[in-house]
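Residues per chain, in single letters:
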Amino acid sequence: MRPQVMTGAPVIVWVTLIAVAFAVGADLRELGALPIDRFPPLHGRLRVLTVTLLPAVLVAVVAVWVLPGLVLRAGFRRALWAAFAFALAWTVALAISDDGLAAPFTHKEEYLAVLPVVGDDPLGWLRSFTEELPAYPTHVRGHPPLPVLVVWLLAAVGLPGPLPAAVLAVAVGCSASVAIALTVRRVSGEEAARRALPYLALTPASVWLATTMDALFAGVAAWGVAMLVLGRSPVVRTACAVTAGVLLGALPYLSYGLVPFLLVPVAVGFVVRLPRQVVLPALGGAAGVSAAFAMGGFWWPAGVLATYAEWAADPGAARPYLYFLVANLAVLALLTGPATAVGLARGPGPIVGAALVAVLALDVSGVTRGEVERIWLPYALWIGAAAGLAPGRGWLAAQAVTGLLLQGLVASPW
């Protein structure tokens, strides 16, 4: 029998946190303390979508009606494919309700804008990355060089432009639902993974999975953790471990804000007691990534210092620390939805707990003041797995409604 779950108090806290963050944000904006945020704590503006949101509404209705039963009855592999398919459909439907899937990647401050500078010499560009950083677009200045190299590689293999980049980001980001479920199955059992799958697929965070390169980061992070616990034969297990190391080792080169995420694989490793035959190849894979970038001419600590200097000179650094210390958590609450609040009332498991600690460390550090609706995507997806503890189909509907309201009422710049 499934355990009883408190619902009233967690939802009251969830609603109150969000309402207070918006109310105080409006006052601060009125006072001139938040000039670069039009709808704080979200970095966007208020709008109303109507008929263009209907495809997303239809996907949500079908998912709420079909997916919970399907993932419980089907074989586990089929359940994973079903959740992935619905995650893709939900995310794409949300994206096309606005300007389309590729539109956010056409922005002049995005990674694609710097490709003419990279040209046919990515290693030369990498060597000069830190020194030339002030001349680059906003998102490039705020990140290590790997995101640009990813879109450069897409163009080099014949897939240039914003649409291939968007398709890659959305597909990899949505596949995080599969990776997280595989990890949950190993840590907490198959029943827990099946309960979490519908919520991973229909997460409100999909509003930003469809619009930012951070979706790619989220997918890479999720598969990096999952690969640690996959593989049965010694050969396959070693190959998975090396892959895990490469993916996890790539995270600090995708986003500096992903360093605390490494608490998640550490927690998973302790819980499942990863053997040396997994840990050592994983560490070797991660070390290989760092060595490759160092040999290519990019020294990570120098990149951190250069990016911090750019951040300190940016208007975002002037956002009030104490407000966003709380308001960031309100945005996280929106990303993860009310069902996650209900699930967290049961007490987070080791995976969710590690993700929470990591994101709280980022919050307290003060380097993520606002715009966390995209920056915290890799963390929000893991925290959202706690929604699987919410009782009944109605909570999945509440997640979908949260996502629809976010998409319909908030226009993001990404």
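Please read all numbers here as calculations on a predicted model, not as lab measurements.

Each pair of packed helices can be summarised by the angle the axes make with each other and by the distance between the axes. In the contact formed by helix α13 (residues 234-254) and helix α15 (residues 276-296), the axes pass within 7 Å of each other and the chain directions differ by 40°. The pairing of α13 with α15 is recorded here as oblique in orientation. The handedness of the crossing between α13 and α15 comes out as right-handed. Residue-level inspection shows R237, T238, A241, V242, G245, V246, G249, A250 and Y253 of α13 in contact with α15, the latter providing Q277, V278, P281, A282, G285, A286, V289, S290 and F293.

So, on to unusual backbone geometry. For the peptide bond that leads from P40 to P41, omega is 10°, which places it in the cis range. Along the chain, P41 falls in the loop between α1 (8-30) and β1 (45-46). Notably, R273 is not glycine yet its phi reads approximately 55°, a positive angle. Secondary-structure assignment places R273 in the loop between α14 (263-272) and α15. The backbone of E371 sits at a positive phi, close to 60°, despite the residue not being glycine. Position of E371 among the secondary structure elements: in the loop between α19 (350-365) and α20 (372-375).

On to the side chain of T91, then. Tracing the backbone shows T91 in helix α3 (residues 76-96). Only 3.4 Å separates the side chain of T91 from the side chain of S206, close enough to count as a polar contact.

For the structure on display, the rule yields 14 aromatic pairs. With a centroid separation of 5.0 Å and 45° between ring planes, the pair formed by F22 and F39 is classed as tilted. Separated by 17 residues along the polypeptide, F22 in helix α1 and F39 in the loop between α1 and β1 bring together distant segments of the chain. A relative accessible area of 22% means that F39 is categorised as partly exposed. Aromatic rings pair up to connect W125, F129, Y136, Y253, F293 and F298 into one cluster. When the ring centre of W65 is taken as origin, the NZ or CZ atom of R393, which lies over that ring, is 6.0 Å away.

The next subject is the pattern of salt bridges. Counted by the stated rule, this structure contains 10 salt bridges. Ionic pairing is found between R141 and E310, a salt bridge with its closest N-O pair at 3.3 Å. Taken together, the positions of R141 in helix α7 (residues 138-141) and E310 in helix α16 (residues 300-313) put the pair 169 residues apart, joining distant regions of the chain. With a relative accessible area of 21%, E310 lands in the partly exposed category. Across the pair R195 and E191 runs a salt bridge, and its minimum N-O distance is 3.2 Å. With a gap of 4 residues between them, R195 and E191 both fall in helix α10 (residues 190-201), about one helical turn apart.

A surface patch of nonpolar side chains, about 470 Å² in accessible area, is lined by L46, V48, V401, L405 and L409. The greatest single-element share of the nonpolar patch, amounting to 3 residues, is contributed by helix α22 (residues 393-409). Mapped onto the secondary structure, V48 falls in the loop between β1 and α2 (54-73). Among the residues examined, V48 registers a relative accessible area of 65% and is labelled exposed.

Basis of the calculations
- Residues numbered from 1 in each chain as written.
- Predicted model: local features only at pLDDT ≥ 70, side-chain atom pairs only at ≥ 80, totals over all residues.
- Heavy atoms only, no water.
- Axes fitted to C-alpha atoms, helices over the stretch in contact; angles between N-to-C directions.
- Helix = DSSP H or I, 4+ residues; strand = E, 2+ residues; numbered from the N terminus.
- Parallel < 35°, antiparallel > 145°, perpendicular 65-115°, else oblique.
- Left-handed = near helix turned anticlockwise from the far one by under 90°.
- Contact = heavy atoms within 4.5 Å.
- Polar contact = N/O pair within 3.5 Å; in protein donor to acceptor, adjacent residues only side chain to side chain.
- Phe/Tyr/Trp six-rings, centres within 6.5 Å; stacked < 30°, edge-to-face > 60°.
- Buried < 20%, exposed > 50% of the residue type's maximum accessible area, 1.4 Å probe, protein only.
- Lys NZ or Arg CZ within 6 Å of the ring centre and 35° of its normal.
- Salt bridge = Lys/Arg side-chain N within 4 Å of Asp/Glu carboxyl O.
- Patch = residues over 30% accessible without salt bridge, like charges linked within 9 Å, V, L, I, M, F, W, Y side chains within 5 Å.
- Areas by Shrake-Rupley, 256 points an atom, 1.4 Å probe, with all protein chains shown as cover.

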